[in-house]
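Secondary and tertiary structure notes
Below are the chains, spelled out letter by letter.
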Amino acid sequence: MGYALRKVVLFFITLWAAITLNFILPRLMPGSPVDAALGKLASSGVQITNAQRQAVEIQLGSAHGNVLSQYGQYLNDIVHLRFGRSFSFPTETVTHTIAKALPWTFVLVGATTVFAFVIGTLLGVYAGWRRGKLADSTVTIGATFFAAFPPFWLGLLLLYALAYKLNWFAIKGGYSPGLTPNFSLSFLSDAFQHSVLPALTLAVTSLSGWVFGMRNNMINILGEDYVTFAEANGLRTRTIALLYGARNALLPNVTAFGLSLGAVVGGSILVEGIFSYPGLGNLLYVAVSNRDFPLMQALFLVITVSMLVAIFVVDLLYTRLDPRVRQ
Amino acid sequence: MRRLSQTGSPLLLAVVAAVVATGLVACKGSANNASSSSGVSGGGTLTIQGDAGNPTLVENFNPLASAEMHGTYLIYEPLEIPSPIDGTYTPFLATGYKFTNPTTLVYTIRQNVKWSDGKAFTPADVVFTFNLLKKFPALDLQGVWQQLSTVTASGNDVTVTFKTPNVPFAGTIAQTPIVPEHLWASVADPAKFANTKPVGTGPYTLTSFAPTQYALAKNPTYWQASKIVPAQVLFPAQASNQSTNQLDVTSGKFDWAYNFLPDVQKTFIDRDSAHNVYWFPPGGTIALYLNLTKAPYSDVNFRKGLSLSLDRTTIETKAVNGYMGVASLSGLILPNLQKWLDPSLPAKGVVAQDKTAAAAAFTLAGYTNTGGKLVDKSGKQAAMTIVMPTNFSDWVAAATEVRTELGAAGVKVTLDLPQYAQYSSSIQAGTFDAAVGGFGGTGNPYTDFNNALNSSFATAVNTPTSNNFERFKSPAVDQALAALASATAEPAQLKATEALEQVMYTQTPVVLMYYGGSWGLFSTKNFTGWPSAAHPYTLPTNYSNAMLVVLTHLTKS
Amino acid sequence: MSILATVPPPREAPGGSAEITLRTSAALPGPVQFLSRALRTLWSNGKARLGLTILGVFILIALFAPLLAPHSPTATTFPPYLNPTSTNLFGTTGNGQDVFSQMLYGARVSLLVGLSAGLAATIVAVTIGLIAGYRPGPVDEVLSFVTNLALVIPGIPLMIILAAYIPSRSVWTIVFVVAITSWATGARVVRSQASTLRSREFVTSAVFSGERLFRVVFREILPNMTSLVAASFFSAATAAVMAEASLEFLGLGNPSTVSWGTILYYAQQQNALLTGQWVLVLAPGLAIALLALSFTLVNFGVDALSNPRLREK
């Protein structure tokens, strides 16, 4: 219980730190993006209320008012999910724009992580079990090689080969044009089909973390006493590997999960742009090309907080699954 | 440990394999457009590419605003449509027009036309529409009420009176889309009205809208319904990056697409040589707009220096692979508008790169080249930021070459590549430094010059305008435009046009570069009758009222 | 920061049974001797050997690019959109530039950015790790917290935002941005090793015998972490190469630089896939992957140096 409580406290402190970092960043940067943002909002022709204008100013570090009061107002805005207006989408609030894209990224990242975890772990078990042999080298070098692929590059190649040339998958989008998102089976399967290529790209390039984590675990465990004991008792190596080694090593390593998630989220930014997949990554891509700082800020915050939450949840789960971790 | 006691790698593998297999099998069919002509009777489905979202489509079918979906052109009709190539009129809601005297224009309105909700269309609707533009100047994008004094109806006619004679302006009047009085009279702010249930006199009505695609169905009570063939028109949204759109276009999903393609023979025609055709007529001049409210662009010598530093042949090759030609600095598209050309302009207005003359012009503007940098009297290097939409790849290629060439002249050039909506608001507001944009191409020299040079469009910076983005102001030029407007006989028209060409050539208000193409990409798989070099009845632009004209020419393959 | 940044931290502190002998404050082997011994050990590891070979090839290409390249990388004199021909081995870009020459010159920028950013990130990581590990207490707590924070904050989004804010566009912008987002993993590892070593006898004896802090750190602690620092450096360099490619692909680099990332940027802008020029997409991406791979392979050898359990039999 004490362990979990500590984790919760740590989570909130880290959350606060991330939010504060987001506040500090634009104030450190040379050149004020505020004037650019306000200018663009003004010329977009949409009526911007004073409250919205103020929100943008506070978010981006306008010159007037003292920093502490701005910080207080900023925290207040964050809690109420007021991120102001982006000038890429001036007719709706940033919160609304992000809310539409969020589920797509969740699904993509979630599916990819699960997929990579499953395949990577299986390969890692195999490699650890066959340590030192050709199979081990093949898997480790192969996984390393695939991890070295820039995700957007692999995405382009898959797009060209599988979508454009062979026509097996759609070239763009999260779902076929004309459909409205709903929870019917036909829509879900259509959305699934559109997510295969981006998910495959991200999964392949993030496999290696799982492979190596699992392989190392296996190697360590195969050196443990109880395995030696089982061997001495006459059990075959294969039984040992699967029944004892794999199961004990299977528990996800939280650090590996956190870093893998980071890699997938980072990769998704580039890959979503290539496939025009309607998630947060695509939004960031649009925001960057428009120098849309309000949107960029909000996206960064949302992405960071989502990752923090995900890692926190996995951390809590891990403490329930593995009693060795609790002190 | 306990939980996983029954699982093993084989089961996991099987689950994964099953999920993947289901996904692939279930969906191979929908890899292609899910919008095939199922459930559509007879006439077939026409799929048009070209509506860009931001990044998804925003529902707006207001024909008088500037952000409307392209399908709006198939829902609402104007009085008449002049061809952007040779100016001949195709009648729509008006059966004819006549100038009874130089300032009075009378349109005969077509009878027995119905709005798509069943109410009758009358000349009162025409009067209402024009008066709406007067009441809400934000809607008057073409500056109609700068020219008109009254619009009245009597019997089957609508009479338009001008403040001063302006014969060519009739083309602009004729192209104003007409909206129904019985629905729009109660709209509080038509400038912000999204008009999501559009009622028009045109051949199609809106049946569905989603952020990724919208669909129109044929209006059976349309006054020339027998000429309209496709039963349904689909507009899928474009992607936000140009490369994806180009891949999409060459995958055979569209009947009519509008996209620049490099090496069109290899990338498009060869993909389906039986059905794919293209036509790239010049649609306008691609130019470098300089913000004349800023120094040093306000100095004509600096502008000349920039213009003379450019090697337009290379720019054109880099941008459009030699499909088009370099622009004549007269402002006319040649050879289409050859008859208006001022014969006294050397080499038909085409200017080659001349670095010496450029340097001389820069010196006159107070800039000298020291150590490879073009600096002013205080030693500051000339710097320019050029803005253009990120997905107009041919404009980007042109600007990249411009950057190299101006860089050689000592100017530091940076490129800014936002999404289209950002670019558009930037040029309309006049907050840009330099911008790539289109000049002319209306088929009528008066309209071309008027849109670019008339000071009535030159609003203050931060007040949006829809023309004359560079904010050019010259009373002399305004007078010359008025002279052209009121000239009724051809010799006078010619003389007035030549005067304007001289202004373009000598004062360089806009730095013209090369002719931009109208990138018409067609498939004859479902329909034929597309405009082509053999039948140039209009430009292949699917973002203008040319769509209405094209639809009346289409027949089933 | 890519997953490679974590591959693979040694499972246990190498101090125990490692091949690196404990050094007293007496004679330190000369750096040259040390380096040659390290290289020899690396070379004996199969994976590291492969990595060193690949890296060696790239370094040679980068050094001799002007001699090897048949044309200037920026001259736009060729017809655009060509597929590979005898004059243009990899074809030409939409601007008419020779891609093969660009690939050769591009090696310079990619190597430079990779190695510089890796070095910068490692210096930051080692500094922070050492300070945190050697000085327990509030300093350690704060630095550890900052390190953990830097670990969870997603690297690429942060890099994108930083690069978007910074107005100047140059290779050094990218080096700077990568360095300040990639130091965390290395710092964590260094810190844990430093805090282990801190309580070792040879360190305490050095402190008691009056050695100044500086000497203790640089003569006692750091030499025992060489393989760790090397591993951290190669991980950071890998991440840097990938990050540089990503930032340039997004257009956040300087488009007039010639590097593998900008070749991909232009390939995308001018739609090399559409014109069937898949070489323009395959070649630079493959080069980036191979360079990143070579760093990681060398890293395997470095790890095997310190953790005998991971050595190949």
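This text goes with the structure placed above it.
The rules behind the values
- Residues numbered from 1 in each chain as written.
- Chains lettered and ligands numbered in written order.
- Predicted model: local features only at pLDDT ≥ 70, side-chain atom pairs only at ≥ 80, totals over all residues.
- Heavy atoms only, no water.
- Helix = DSSP H or I, 4+ residues; strand = E, 2+ residues; numbered from the N terminus.
- Rg over C-alpha atoms; globule rule 2.2 N^0.38 Å.
- Buried < 20%, exposed > 50% of the residue type's maximum accessible area, 1.4 Å probe, protein only.
- Contact = heavy atoms within 4.5 Å.
- Pairing = 2+ DSSP bridges.
- Axes fitted to C-alpha atoms, helices over the stretch in contact; angles between N-to-C directions.
- Arc of directions from axis to C-beta.
- Buried area = accessible area lost by both parts, 1.4 Å probe.
- Salt bridge = Lys/Arg side-chain N within 4 Å of Asp/Glu carboxyl O.
- Polar contact = N/O pair within 3.5 Å; in protein donor to acceptor, adjacent residues only side chain to side chain.
- Nonpolar A, V, L, I, M, F, W, Y, C, P; charged D, E, K, R; others polar.

**Let's talk about the overall build of chain B**
From N to C terminus, chain B includes 17 helices and 23 strands. The C-alpha atoms of chain B give a radius of gyration of 26 Å, which matches the 24 Å a tight globule of 557 residues would have. Reported as C-alpha extents along the three principal axes, the dimensions of chain B are approximately 85 × 70 × 45 Å. Counting every position in chain B, which comprises 557 residues, the buried fraction comes to 56%. A separation of at least 24 residues holds for 70% of the contacts in chain B among residues at least 6 apart in sequence.

**Focus: the sheet that holds strand β12 (residues 256-258) of chain B**
Residues and elements named next belong to chain B. With antiparallel pairing, three strands are arranged side by side in an open sheet as β12-β21-β13. Looking at which strands have only one partner, the edges of the open sheet turn out to be β12 and β13 (276-279). Taking each pair of neighbouring strands and ignoring which way they run, the sheet shows an average axis angle of 20°. Here four bridges tie β13 to strand β21 (residues 520-523), and the two strands are oriented antiparallel to one another. In the strand pairing of β21, Trp279 is matched with Gly520.

**Focus on helix α10 (residues 312-320) of chain B**
All names here are of chain B. If you check which residues of α10 are buried, you get Arg312, Ile315, Glu316, Lys318, Ala319 and Val320. The buried residues of α10 all sit within an arc of 165° when viewed along its axis, so they share a single face. The inward-facing, buried residues of α10 contact α9 (300-309), α12 (393-408) and β20 (510-517). A positive backbone phi angle near 55° is found at Asn321, which sits one or two residues after α10.

**Here we look at the sheet that holds strand β18 (residues 412-416) of chain B**
Residue and element names in this part refer to chain B. Taken in spatial order, the five strands make up an open sheet running β18-β17-β19-β14-β20, and their pairing is mixed. Of all the strands in the sheet, just β18 and β20 have a single pairing partner and so form its edges. Strand after strand, the sheet turns through a mean of 30° between neighbouring axes, direction not considered. Of the strand pairs in this sheet, strand β14 (residues 282-290) and strand β19 (residues 434-439) are connected by six bridges, and their pairing is antiparallel. Looking at β19, one finds that Ile286 is bridged to Gly438.

**Focus on the interface of chain A and chain C**
Interface size is often expressed as the accessible area that is lost when the parts come together. In this assembly, 59 residues from chain A lie in contact with 55 residues from chain C. Buried surface at the junction of chain A and chain C, summed over both partners, amounts to about 5,200 Å²; 78% is from carbon and sulfur atoms. By the criterion of area lost to chain C, the three top residues of chain A are Phe152(A), Trp153(A) and Leu259(A), representing 12% of everything that side buries. At the boundary of chain A and chain C, one finds zero salt bridges. Across the chain A-chain C interface, the total number found is one residue pair in polar contact (both at pLDDT 80 or more). Listing elements by their share of the side of chain A that touches chain C, those giving two or more residues are α1 (2-28), α6 (134-147), α7 (151-165), α8 (185-222), α11 (254-275), α12 (280-289) and α13 (293-321) of chain A. Looking at the side of chain A that touches chain C residue by residue, the class counts come to 41 nonpolar, 16 polar and two charged.

**Section: the pattern of salt bridges**
The tally for this structure, following the rule as stated, stands at six salt bridges over all chains. Across the pair Asp248(B) and Lys172(A) runs a salt bridge whose closest N-O atoms are separated by 2.7 Å. Here Asp248(B) is found in helix α7 (residues 242-249), whereas its partner Lys172(A) is found in the loop between α7 and α8 on a different chain. Each member of the pair Asp248(B) and Lys172(A) is classed as buried. Of the charged contacts in the structure, one is a salt bridge between Arg191(C) and Asp140(C), with a shortest N-O distance of 2.8 Å. Placement of the pair is Arg191(C) in helix α8 (residues 184-198) and Asp140(C) in helix α5 (residues 138-152), with a sequence separation of 51 residues. Judged by relative accessible area, Asp140(C) falls into the buried class, the value being 9%. Among the charged side chains, a network of salt bridges with common partners joins Lys172(A), Asp248(B) and Lys253(B).

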